[in-house]
Amino acid sequence: MVSELVVFLGPTLSRAEAAGILDATYLPPAEQGSVVRAVRQYSPRALVLIDGSFGRVPAVRHKEVLWALAKGIPVFGAASMGALRAAELSAFGMQGYGFIYRWYSMTPLADDDEVAVAMSPPELGTAPLSEALINIRLTLRRAMHAGIVTADVRRKLETLARDTHFVERSYPRLLADARSTFSEASAVAMDRLADWLPSGALDRKREDAIGLLTKLARGSGFVGRPLNAPPFRLTEAWAYDLDAAGLWSDDIKLILSDEGS
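Remember, predicted model here, so these are calculated numbers, not experimental data. (Residues numbered from 1 in each chain as written. Predicted model: local features only at pLDDT ≥ 70, side-chain atom pairs only at ≥ 80, totals over all residues. Heavy atoms only, no water.)

The subject of this paragraph is the environment of Y42. Note on placement: Y42 falls in helix α2 (residues 34–42). Sequence separation between Y42 and V6 is 36 residues, and the spatial gap between their C-alpha atoms is 7.8 Å. Here Q41 takes part through its side chain, which lies 3.3 Å from a polar atom of the side chain of Y42. (Helix = DSSP H or I, 4+ residues; strand = E, 2+ residues; numbered from the N terminus. Polar contact = N/O pair within 3.5 Å; in protein donor to acceptor, adjacent residues only side chain to side chain.)

Counted under the stated rule, the structure contains 14 salt bridges. Salt-bridge contacts for E88 lead to R85; the nearest nitrogen and oxygen are separated by 3.0 Å. Taken as a pair, E88 and R85 lie in helix α4 (residues 81–89) at a separation of three residues, close to a single helical turn. The residue E114 makes a salt bridge to R137 at a minimum N-O spacing of 3.2 Å. Within this pair, whereas E114 is found in the loop between α5 (99–106) and α6 (133–145), its partner R137 is found in helix α6, the two being separated by 23 residues in sequence. Grouping residues by exposure puts E114 and R137 together as buried. (Salt bridge = Lys/Arg side-chain N within 4 Å of Asp/Glu carboxyl O. Buried < 20%, exposed > 50% of the residue type's maximum accessible area, 1.4 Å probe, protein only.)

Every regular strand shows the same layout, with side chains that alternate between the two sheet faces. Of the two faces of strand β1 (residues 5–8), both are covered, the one formed by L5 and V7 as well as the one formed by V6 and F8. By the bridge criterion, three bridges tie β1 to strand β2 (residues 25–27) in an arrangement that is parallel. Paired with F8 across the bridge in β2 is L27. Between the parallel elements β1 and β2, the chain passes through helix α1 (residues 15–21) in a crossover that is right-handed. (Pairing = 2+ DSSP bridges. Right-handed = clockwise from strand over helix to strand, strands pointing away.)

Glancing now at the layout of surface pockets. In this model, the largest pocket occupies a volume close to 220 Å³. For the largest pocket, the lining is made up of 17 residues, of which F54, M81, D112, V115 and A116 are closest to its centre. No other element matches the four residues that α4 contributes to the lining of the largest pocket. Partitioned by chemical class, the residues of the lining of the largest pocket number eight nonpolar, three polar and six charged. (1 Å grid on protein atoms, 1.4 Å probe; cavity = no way out; pocket = protein on both sides within 12 Å on 5 of 7 lines; lining within 4 Å. Points joined across faces, edges and corners; volume = space filled by probe spheres on them. Nonpolar A, V, L, I, M, F, W, Y, C, P; charged D, E, K, R; others polar.)

Let us look at the packing of α6 against helix α9 (residues 187–200). Taken N-terminus to C-terminus, the directions of α6 and α9 make an angle of 115°; their axes are 11 Å apart at the nearest point. It follows that α6 is roughly perpendicular to α9 by the angle criterion. Between α6 and α9 lies a crossing whose hand is right-handed. Residues T139, L140, R142 and A143 of α6 touch α9, and the partners they reach there are L193, W196, L197 and G200. Counted by class, the contact of α6 with α9 contains five nonpolar, two polar and one charged residues. (Axes fitted to C-alpha atoms, helices over the stretch in contact; angles between N-to-C directions. Parallel < 35°, antiparallel > 145°, perpendicular 65-115°, else oblique. Left-handed = near helix turned anticlockwise from the far one by under 90°. Contact = heavy atoms within 4.5 Å.)

All right, on to the side chain of T139 then. Along the chain, T139 turns up in helix α6. Not counting residues up to four positions away in its chain, the partners in contact with T139 are Y171, W196, L197, G200, A201 and L202.

Moving on, we get to empty space enclosed by the protein. In total, this model carries one cavity of 30 Å³ or more according to the counting rule given. Considered as a void within the structure, the largest cavity measures approximately 50 Å³ in volume. For the largest cavity, the full set of lining residues is I136, L160, A161, T164, E168, R169, S170, R173, L174 and D177. Where the lining of the largest cavity is concerned, the elements lending two or more residues are α7 (151–163) and α8 (171–181). The element contributing the most residues to the lining of the largest cavity is α8, with three residues. Looking at the lining of the largest cavity, its residues break down into four nonpolar, two polar and four charged.

Set out below in structure tokens:
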């Protein structure tokens, strides 16, 4: 089966909305082995990484992205796991897009936790079940500039959000924690913020995903062979990864034999 584009997508953007922007094969968030499996099954012209799984399964490996690049397959990343991997692998030819990608590229030691969210299983559509910290921080900065909260309250709210496990981050949880933690004088500000959030909250991850898909739909994102892609070398560690992902079969050499082509 051949597909022009394969997109790994989950909680950042609904598949229905994404399909309305870009005609592609949409797969659940990438995990260890997903890139190799997609290349074997679909022979795509390009791969697009937006969302990835982690925690319950090993995250998508850098090595398999490098393998795809070495095969001459452009790999794009944005918004979430895609932005993170693109920032890490831009020197090797992975192409990043959007604010979050640029932020990761310019912020040494930035935490992966910034884009992490809880999500429902693929059988239920990988819907988001929590809010990304980077969205919360950008929203609070916007609220400060709009006069909804002071700079001091913004910093305290950011600290609360950062100290909350990513699976439990949400605006209702943040407001509840703030009301129980802050002084009574901050109660009015929390009420004001609660009223403002439905119209004022930002979703930068979603915006970046839409931006990349739109760019690709216009045909302006494609390049030829990925620039700077180094020759690929199979390592023992990656062989173990392939085996753990159920990909180390008798025909594995068929896809590794043209690794430098």
